[in-house]
Amino acid sequence: MKNINTDFDLFVIGAGSGGVRAARLASQSGAKVCIAEKDRIGGTCVIRGCVPKKFFSYSSKFSKHNIVAKSYGWHHEETTFSWDKLMENKNKQIEKLSNIYRSNLEKAGVKIFESEASIIGSNIVRLSNGDEYSAKKILIATGAKPNFPNIKGANYGISSDDFFELETLPQKIIVVGGGYIALEFSSIISGLGSKCDLLYRGDKLLKGFDQDISRIITQELQSEKCNVKLNTDVIEITKNKNQFEVLTNDGERLKADLVLFATGRLANVDCINKDLKIKINSNNSVCVNKKYQTTIPSIFAVGDVSNSDHLTPVAIREAMIFARNEFEKDNGNYVIENIPTAVFSSPEIGTVGLNEDQALKKYKKIDIYTSSFRPLYYTLSDINIRTYIKLIIDNKSQRLVGFHMVGDDAAEITQIISTLINKKINKSDLDNTIPLHPSTSEEIMTMRDMVTKEI
Ligand code: NDP
């Protein structure tokens, strides 16, 4: 064994949202902590996920807002879009955020290793230069990487990670997948003016979401000029000069300048030495118990690398629980439930609580309130975007158990509703709230259109 150095109380591998939070909290509670990161500090969310995606998403919405602006009397000469400018500003901001993460770690007293790290023993981590460190506890927070389907020519496709580094925006793009990334990037591509085909193998987009949300977003994407093709498998991709041809299961040959795979992400478990007896789940994620402990008691895992929802706030919450449990001896019974989530498609989707199928299964009899309307903002223009809101109420207790929305500001509204669901409010609490007029949220307080369903 080469250079066994000073012990750490905690060695964190991966400086993304989960790793950084765990390292800072553990260090602030007096532990001696280090963190290793082979890429830039910030992880998926900051470098190649939530943050740059939201910049792209904001940018893509201006094409529509410019049309609406004209209906409000604004006149401007021809508007043009510069991919270079968007990329330059995005890169500057990401750099800034990464530096803030770094300085927060340093201020908290965490030692940073800019290196790949691998776990070679229950308490030993080796860096790429061969140096080895021992630690009482090791936390795996290495996130996940794009999954490419096993099809001929898949190597011609790129992932969303690569999309953030494109030098130019291609004019015709095929997106494969039907989840978060597929919908968000299809909207970005269409909004920025390129042609987009969205190919999804299933019959309803966004598996696991409420079926009405899936139906409505499919219609909305089509009306935003994204060509959604359901029940479509990609059989093969071939390349001819700078163009790609995608052969689908129904024999169609679609041409594109770029193929983007948004077909899920797989846990990054490369840092775990194969000889270690850490249980890996069938989907490649690290198996952990309620304390985020792997099958080796000194080794823990939080965030996308384990089997939890791939969402930044979930990774951060798990990191907080881990740090409190292990370094503050706080054994509080934390539960992570009613996770609000948004798909930053155009229009946006927000959801929290149970979908209709889940609520029916759990409560047997539910009241479903829905509202679909054209927001005031668009009414002066020809744009016919609608907002859809769905409340799910347990018929017996009259408690609000699910909220689903497609429309502008869905993410913002869903965040607030998640507190109401946690607080177990009833439909009558909404009815008794004075609506704020004119606003989108007032609809939630005035919903009357109801059907009862039971099984
Ligand atoms: P998702 O799990 O959301 O979607 C993956 C999609 O790819 C599904 O539609 C799936 O189909 C399809 N798919 C999987 N394997 C294949 C295959 N072999 N061939 C064809 N299609 C396939 O993953 P994403 O990649 O969209 O996003 C990764 C993770 O990142 C998500 O889990 C999400 O939680 C997170 N994320 C969150 C965001 C947010 O909070 N706004 C934004 C972006 C990502 P099927 O449905 O049939 O399984």
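Just above sits the structure.
Here goes a summary of the coordinates provided. (Residues numbered from 1 in each chain as written. Predicted model: local features only at pLDDT ≥ 70, side-chain atom pairs only at ≥ 80, totals over all residues. Heavy atoms only, no water.)

What follows deals with the overall build of the protein. When its secondary structure is counted, the protein shows twelve helices and 22 strands. By the compact-globule yardstick of 23 Å for 455 residues, the protein fits well, its C-alpha radius of gyration being 24 Å. With respect to the principal axes defined by its C-alpha atoms, the protein has extents near 70 × 60 × 45 Å. For the protein, buried positions account for 51% of its 455 residues. Contacts spanning at least 24 positions in sequence make up 63% of the contacts within the protein whose residues lie at least 6 apart. (Helix = DSSP H or I, 4+ residues; strand = E, 2+ residues; numbered from the N terminus. Rg over C-alpha atoms; globule rule 2.2 N^0.38 Å. Buried < 20%, exposed > 50% of the residue type's maximum accessible area, 1.4 Å probe, protein only. Contact = heavy atoms within 4.5 Å.)

For the rest of this paragraph, the subject is the nonpolar core. Counting residues in each nonpolar core, the largest one holds 36 residues, and the members touching the most others are W83, F163, V175, L183, L198 and I349. Elements with a minimum of two residues in this core: α4 (83-107), β8 (172-176), α6 (180-191), β9 (195-199), α7 (211-223), β10 (226-229) and β14 (258-261). In terms of residue count, the dominant contributor to this core is α6 (five residues). Excluding residues within four positions of it along the chain, I349 makes contact with L183, L206, F209, I213, I217, T341, A342, V343, M405, V406 and A410. (Core = buried A, V, L, I, M, F, W, Y, C linked by side-chain atoms within 4.5 Å.)

Let us look at unusual backbone geometry. With an omega of 0°, the peptide bond between S346 and P347 qualifies as cis. Among the secondary structure elements, P347 is positioned in the loop between β17 (341-343) and β18 (349-353). For N231, which is not glycine, the phi torsion reads 50° and is therefore positive. Looking at the secondary structure, you find N231 in the loop between β10 and β11 (234-240). Of note, the phi angle at K241 is positive, near 55°, even though the residue is not glycine. As for its placement among the helices and strands, K241 is situated in the loop between β11 and β12 (243-248). Given a relative accessible area of 73%, K241 falls into the exposed group.

Empty space left among the atoms is revealed by rolling a probe the size of a water molecule over them. The computed volume of the second largest pocket comes to approximately 810 Å³. Lining of the second largest pocket is provided by 28 residues; of these, S60, S63, K64, I67 and G191 occupy positions nearest its centre. Breaking the lining of the second largest pocket down by element, the ones donating at least two residues are α3 (50-71), α6 and α7. For the lining of the second largest pocket, the leading source of residues is α3, giving nine residues. Class assignment of the residues belonging to the lining of the second largest pocket gives a composition of six nonpolar, 16 polar and six charged. (1 Å grid on protein atoms, 1.4 Å probe; cavity = no way out; pocket = protein on both sides within 12 Å on 5 of 7 lines; lining within 4 Å. Points joined across faces, edges and corners; volume = space filled by probe spheres on them. Nonpolar A, V, L, I, M, F, W, Y, C, P; charged D, E, K, R; others polar.)

Here we take up the pairing of strand β13 (residues 253-256). In β13, alternate side chains face the same way, and those of L254 and A256 are buried while those of R253 and K255 on the opposite face are not. Relative to β13, β12 runs antiparallel, the two being bridged by four bridges. Looking across to β13, one finds that F244 is bridged to A256. Hairpin connection between β12 and β13: a loop of four residues separates the two successive antiparallel strands, and G251 in this loop has a positive phi of roughly 85°. (Pairing = 2+ DSSP bridges.)

In the region of the ligand, 19 residues are neighbours, and G178, I181, Y200, G264 and A342 sit closest. Between the ligand and R201 there is a distance of 3.0 Å, counted from an oxygen atom to a side-chain nitrogen or oxygen. Within the backbone of A342, an N or O atom sits 2.8 Å from a nitrogen atom of the ligand. (Near = heavy atom within 4 Å. Polar contact = N/O pair within 3.5 Å; in protein donor to acceptor, adjacent residues only side chain to side chain.)

Per the counting criterion, the structure on display carries 23 salt bridges. The shortest N-O distance in the salt bridge between D212 and K390 comes to 2.8 Å. Of this pair, D212 sits in helix α7 while K390 is found in strand β20 (residues 387-394), placing the two residues 178 residues apart along the sequence. Between E356 and K453 there is a salt bridge, with the nearest N and O atoms lying 2.6 Å from each other. A residue pair is termed long-range when its members are at least 10 positions apart, and E356 in helix α9 (residues 356-363) and K453 in strand β22 (residues 450-454) qualify at 97 residues. (Salt bridge = Lys/Arg side-chain N within 4 Å of Asp/Glu carboxyl O.)

A word on the side chain of K427. With respect to the element layout, K427 can be found in helix α11 (residues 427-431). For K427, the side chain forms a polar contact with the side chain of D431, separated by 2.6 Å. Residues within four places of K427 in sequence aside, it is in contact with Y369, L391, I393, Q398, M447 and R448.

Glancing now at the packing of aromatic side chains. Inspection of every chain in the model, using the stated rule, returns 19 aromatic pairs. With centroids separated by 5.9 Å and ring planes inclined at 55°, the aromatic side chains of F8 and Y133 adopt a geometry described as tilted. Of this pair, F8 sits in strand β1 (residues 4-13) while Y133 sits in strand β6 (residues 132-140), placing them 125 residues apart in sequence. In this structure, F8 and Y133 share a single accessibility class: buried. Note on W83 and F163: the rings are 6.0 Å apart at their centroids and 85° apart in plane angle, and the pair reads as edge-to-face. Here W83 is found in helix α4, whereas its partner F163 is found in helix α5 (residues 160-163), with 80 residues between them in sequence. Taken as a pair, W83 and F163 share a single burial class, namely buried. Aromatic ring contacts, followed pair by pair, group F56, W83, F163, F164 and F185 into a single cluster. Geometry around F327 places K137 over its ring, the cationic atom sitting 5.5 Å from the centre. Residue placement shows K427 over the ring face of Y369; its charged tip is 4.4 Å from the ring centre. (Phe/Tyr/Trp six-rings, centres within 6.5 Å; stacked < 30°, edge-to-face > 60°. Lys NZ or Arg CZ within 6 Å of the ring centre and 35° of its normal.)

So, on to empty space enclosed by the protein. On inspection of all chains with the given rule, the structure shows one cavity of 30 Å³ or more. Estimated volume of the largest cavity: approximately 50 Å³. Lining the largest cavity are P146, N147, S159, S160, I181, F261, A262, T263, G264 and R265. Residues belonging to the lining of the largest cavity are distributed by class as follows: four nonpolar, five polar and one charged.

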